[in-house]
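Analysis of the macromolecular model
Residue-level listing of the chains:
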Protein chains: 2
Amino acid sequence: MNINEIKKYLGEDWKKTEGYISGAVKCEIGLLDSTNRLILSHSGKQLRPLLSVLVARACSGGKATDDSCRYAAGTELLHNATLLHDDVADDSDQRRGAPTIRAMMGPTVSVLIGDYWLVKAMELILDADTKNDRVIRMFSKTLSDLAEGELLQLQKAQSGDTDETDYTKIIFSKTASLFEAAALAAAISVEASAQIEEAVKDYAVSLGLAFQIKDDIFDYSPEMKTGKPAGVDILEQKITLPLLGAFANAGKEAEMSIRRKIINIADNPDGIRDEILSFVRENDGLGYARKVLDKYIEKAVSALEILRESPEKEYLKELAYFTGQRQS
Amino acid sequence: MNINEIKKYLGEDWKKTEGYISGAVKCEIGLLDSTNRLILSHSGKQLRPLLSVLVARACSGGKATDDSCRYAAGTELLHNATLLHDDVADDSDQRRGAPTIRAMMGPTVSVLIGDYWLVKAMELILDADTKNDRVIRMFSKTLSDLAEGELLQLQKAQSGDTDETDYTKIIFSKTASLFEAAALAAAISVEASAQIEEAVKDYAVSLGLAFQIKDDIFDYSPEMKTGKPAGVDILEQKITLPLLGAFANAGKEAEMSIRRKIINIADNPDGIRDEILSFVRENDGLGYARKVLDKYIEKAVSALEILRESPEKEYLKELAYFTGQRQS
């Protein structure tokens, strides 16, 4: 799928969304303004606002409102804010094939600019023509979900006992929650019915879960084009779906032995990582994760059924298939 | 002045405020909840909520509302959020005489919990009984002021050309803006008149500026009980009021020579710091800063004149004098 084709198809609605994004972070302080422009120039796929504008149009016969575009822009600002903070938290040097703000300008700038983008997201949402308390609360909730998800992941990394229920909770909070907000805000902006709201919410949550599972599969697949080495998650003691799948396939005894090694990974990080990469390969952890991923893609696509036929609906389906297939 | 005496005097209103603070950050994730309780146990003076509750009562004949207490709590949550982020930005190990969350649990936890407190502040404000768009926007504005102030300070540190106008702008954004929001939100919560709003705003801005100037004086006064070594600001190339005062007293030539040294401080950090500490002492930079500080204290106190007489008004005055005198 060609993401740019969708953006082109969305025409003025997409341009307006991009205008809200860049307008929100324009400012008079030189250091801040130039950094913001640098961040905008490495925008990545902009999946969240894309999803948001598509949903608004799919729910309204192609008639997105100014508020649809504001909310869509807000999801991108919020997403970038969390990346700026994540890069400090993870000491990351590279993101989207470019050096991170943290690497170039230090943690101080990355944290502060993250705060700045976060506020600008909130202000954009407060600027909506139709005041909507539900949307404001939704975005607040998403932001606390994001922080909670990361913290739960950290806590579970320390105890080494993440199971599939924990995993799903973590990836919902840290990824799917913002997809959900993007879709629901879009539906609200065009006054969709409760039934349609429910449908696009189901679509977006499944899509977000699938998106994160795909990311976690990448971490066990060095041949993917992400530019990241394999096994980073396990070095951080994060137990993700490919490993949980290998546990399910290998049986309790092997699982217990691997979990013990993860808790003590500091003893021999590279050795234990390589052993776990082999363990996941030998016990078809990727096949297991792939199946769960496919299930969510299917769920996302079928949630769309009740929507009227439209190019937007087809693009939303494509977005789901793309999420399942993407190589980077 | 005894801060605890004021808290005791505020009785139920203070208890309610404290309840909102601790209630907002109560949560089910063990790691997050225990860290939040740790932060609460090192609460410091809680000047912002104290100011906020006092103003609400001073403007209403002692009748603070639930919203007054919510807004007051919001200022403390917001303040703590920015401290959690500052500690990561500055790599700080100590705060309020205890190890920072960053030092104990790493930058990841400090950044994420900062985000969490920030959202909880917003949610508390959104929870107000009387929906008030002005208050929500005010807090948003304050938060972007805080980030902008820190970034402007960083930019100015690099260029080495901070003058008194820049300095006042920086300390307004990074400190006085939140004092202003605390007072204005309080006035709004009890439906004070526009004239009273203006008065408490003037009070709070002057108080906030004085508070930050006092902090900057500490940095040149190793004998104060802050527990911090002297000259930290200058090592970070921050030009604050005591140095600007010394510039004003010493003349243009000496100023230019010192400014050049600050730009190149990396060449000989300790030597240049010691030289600047002497320069400020010899040119009475502290006397200069002290005078500006006293002017703001006086301005804060006289802004209160139009308020009806009350114990709260007296406490607000005392708070101003305390800010001028505090030794830590």
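Thresholds applied
- Residues numbered from 1 in each chain as written.
- Chains lettered and ligands numbered in written order.
- Predicted model: local features only at pLDDT ≥ 70, side-chain atom pairs only at ≥ 80, totals over all residues.
- Heavy atoms only, no water.
- Helix = DSSP H or I, 4+ residues; strand = E, 2+ residues; numbered from the N terminus.
- Rg over C-alpha atoms; globule rule 2.2 N^0.38 Å.
- Buried < 20%, exposed > 50% of the residue type's maximum accessible area, 1.4 Å probe, protein only.
- Contact = heavy atoms within 4.5 Å.
- Areas by Shrake-Rupley, 256 points an atom, 1.4 Å probe, with all protein chains shown as cover.
- Core = buried A, V, L, I, M, F, W, Y, C linked by side-chain atoms within 4.5 Å.
- Buried area = accessible area lost by both parts, 1.4 Å probe.
- Salt bridge = Lys/Arg side-chain N within 4 Å of Asp/Glu carboxyl O.
- Polar contact = N/O pair within 3.5 Å; in protein donor to acceptor, adjacent residues only side chain to side chain.
- Nonpolar A, V, L, I, M, F, W, Y, C, P; charged D, E, K, R; others polar.
- Least-squares fit on C-alpha atoms with pLDDT ≥ 70 in both.
- Expected span 1.5 Å × (residues − 1).
- Arc of directions from axis to C-beta.
- Phe/Tyr/Trp six-rings, centres within 6.5 Å; stacked < 30°, edge-to-face > 60°.
- Axes fitted to C-alpha atoms, helices over the stretch in contact; angles between N-to-C directions.
- Parallel < 35°, antiparallel > 145°, perpendicular 65-115°, else oblique.
- Left-handed = near helix turned anticlockwise from the far one by under 90°.
- pLDDT = per-residue confidence, 0-100.

It is worth spelling out the overall build of chain A at this point. Scanning chain A from N- to C-terminus turns up 14 helices and 2 strands. Computed over C-alpha atoms, the radius of gyration of chain A comes to 20 Å, within 12% of the 20 Å expected from 2.2 N^0.38 for 328 residues, which places it in the range of a compact globule. For chain A, with 328 residues in total, the buried portion stands at 61%. Pairs at least 24 residues apart make up 77% of the contacts formed inside chain A by residues separated by at least 6 positions. Just so you have it, chain A exposes about 13200 Å², and 49% of that area is on carbon and sulfur atoms.

Let us now look at the nonpolar core. Counting residues in hydrophobic clusters, the biggest one holds 90 residues, and the most contacted among them are Trp117(A) and Trp117(B). Discounting chain neighbours no more than four positions away, the residues touching Trp117(A) are Val25(A), Asn36(A), Ile39(A), Leu40(A), Leu77(A), Asn80(A), Ala81(A) and Leu84(A).

Before going further, it helps to spend a moment on the interface of chain B and chain A. On the chain A side, the residues contacting the 36 residues of chain B number 35 residues. Between chain B and chain A, a total of about 3500 Å² is buried, with carbon and sulfur atoms accounting for 72% of that surface. When the buried surface of chain B facing chain A is broken down by residue, Ile29(B), Leu112(B) and Leu151(B) rank first, second and third, together holding 17% of it. Here chain B and chain A share 2 salt bridges between them. Notably, a salt bridge pairs Asp127(B) with Arg137(A), separated by 2.9 Å at the nearest N-O pair. Taken together, chain B and chain A are joined by 10 residue pairs in polar contact (both at pLDDT 80 or more). Contributing elements (two or more residues each) for the side of chain B that touches chain A: helix H2 (30-41), helix H4 (66-89), helix H5 (101-126) and helix H6 (133-159) of chain B. If one sorts the elements of the side of chain B that touches chain A by residue count, H6(B) sits on top with 15 residues. Each residue belonging to the side of chain B that touches chain A can be placed in one class, and the counts come to 19 nonpolar, 7 polar and 10 charged.

At an RMSD of 0.0 Å, chain B and chain A line up after a rotation of 180° and a shift of 0.0 Å along the axis. As the rotation angle and translation indicate, the two copies are arranged about a two-fold axis. When the interface residues of chain B are mapped onto chain A, 97% of them again fall at the interface, so both copies present the same face.

Our next topic: the pattern of salt bridges. One pass over the full model with this rule turns up 50 salt bridges over all chains. Here Arg290(B) makes a salt bridge to Asp294(B), at a shortest N to O gap of 3.0 Å. Separated by 4 residues within a single helix, Arg290(B) and Asp294(B) lie in helix H13 (residues 285-303), roughly one turn from each other. A salt bridge links Lys313(B) to Glu309(B); the nearest nitrogen and oxygen atoms lie 2.9 Å apart. Judged by relative accessible area, Lys313(B) falls into the buried class, the value being 2%. In the salt-bridge network here, residues are joined through shared partners; they are Asp13(A), Arg57(A) and Glu312(A).

All names here are of chain A. A rise of 1.5 Å per residue sets the reference length of helix H11 (residues 252-263), with its 12 residues, at 16 Å; its end C-alpha atoms lie 17 Å apart and thus fit the reference within 8%. Turning to H11, its buried residues number three or more, namely Glu255, Ile258, Arg259 and Ile262. What you see down the axis of H11 is that its buried residues fit within an arc of 105°, all on one side. Structural note: H11 exposes Glu253 and Arg260 on the side pointing more than 90 degrees away from its buried face. Elements that come into contact with the buried residues of H11 comprise helix H9 (232-235), helix H10 (241-250) and helix H12 (269-282).

With that out of the way, let us pick up the environment of Tyr9(A). Residue and element names in this part refer to chain A. Of note, Tyr9 is situated in helix H1 (residues 3-24). C-alpha of Tyr9 to C-alpha of Pro311: the two residues are 302 residues apart in sequence and 9.2 Å apart in space. Ignoring anything within four residues of it in the chain, the contact list for Tyr9 reads Arg57, Pro311, Glu312 and Tyr315. At 3.1 Å, the side chain of Tyr9 forms a polar contact with the side chain of Glu312.

All names here are of chain A. Per the stated rule, a full pass over the model turns up 6 aromatic pairs over all chains. Aromatic pair Tyr9 and Tyr315: ring centres 5.2 Å apart, planes at 50°, arrangement tilted. Placement of the pair is Tyr9 in helix H1 and Tyr315 in helix H14 (residues 311-325), with a sequence separation of 306 residues. In this structure Tyr9 comes out as partly exposed when scored by relative accessible area, which is 31%. Given a relative accessible area of 11%, Tyr315 falls into the buried group.

Locating Asp86(A) in the fold gives a position in helix H4 (residues 66-89). In this view, Asp86(A) contacts Arg95(A) and Glu150(A); residues no more than four positions away in its chain are not counted.

What follows covers the packing of helix H3 (residues 47-58) of chain A against helix H7 (residues 164-189) of chain A. When two helices pack together, their arrangement is captured by the angle between the axes and the distance separating the axes. Residue and element names in this part refer to chain A. Between H3 and H7, whose axes approach to 8 Å, the crossing angle comes to 30°. One way to sum up the angle between H3 and H7 is to call them roughly parallel. Read as a crossing pair, H3 and H7 show a hand that is right-handed. On H7, the residues touching Arg48, Leu51, Ser52, Val55 and Ala56 of H3 are Leu178, Phe179, Ala182, Ala183, Ala186, Ala187 and Ser189. Of the residues that constitute the contact of H3 with H7, the class distribution is 9 nonpolar, 2 polar and 1 charged.

This part covers the environment of Asp91(B). Mapped onto the secondary structure, Asp91(B) falls in the loop between H4 and strand E1 (94-95). Counting along the chain gives 15 residues from Asp91(B) to Gly106(B), while the straight-line C-alpha distance between them is 9.9 Å.

As a further point, take unusual backbone geometry. Despite not being glycine, Glu191(A) has its phi angle at roughly 55°, a positive value. With respect to the element layout, Glu191(A) can be found in the loop between H7 and helix H8 (194-218).

As for its placement among the helices and strands, Lys120(B) is situated in helix H5. You can call Lys120(B) buried: its relative accessible area is 12%. Aside from chain neighbours lying at most four places away, what touches Lys120(B) is Ser144(A), Ala24(B), Val25(B) and Leu77(B).

Moving on: the packing of helix H6 (residues 133-159) of chain A against H5(B). It is at 9 Å that the axes of H6(A) and H5(B) come closest, and there the two elements cross at 155°. Considering the angle they form, H6(A) stands roughly antiparallel to H5(B). H5(B) is crossed by H6(A), and the crossing has left-handed handedness. Between H6(A) and H5(B), the residues in contact are Ile136(A), Arg137(A), Ser140(A), Lys141(A), Leu143(A), Ser144(A), Ala147(A), Glu148(A), Glu150(A), Leu151(A) and Leu154(A) and Thr108(B), Val109(B), Leu112(B), Ile113(B), Asp115(B), Tyr116(B), Val119(B), Lys120(B), Glu123(B) and Leu126(B), respectively. A per-class count over the contact of H6(A) with H5(B) returns 11 nonpolar, 3 polar and 7 charged.

Take the confidence of the model for chain A next. Residues and elements named next belong to chain A. Per-residue pLDDT for chain A has a mean of 92; in total, 98% of the residues score no lower than 70. Averaged pLDDT values for the elements of chain A fall to 78 in strand E1 (residues 94-95) and rise to 98 in H10. Predicted complex, confidence summary: ipTM 0.84, pTM 0.90.

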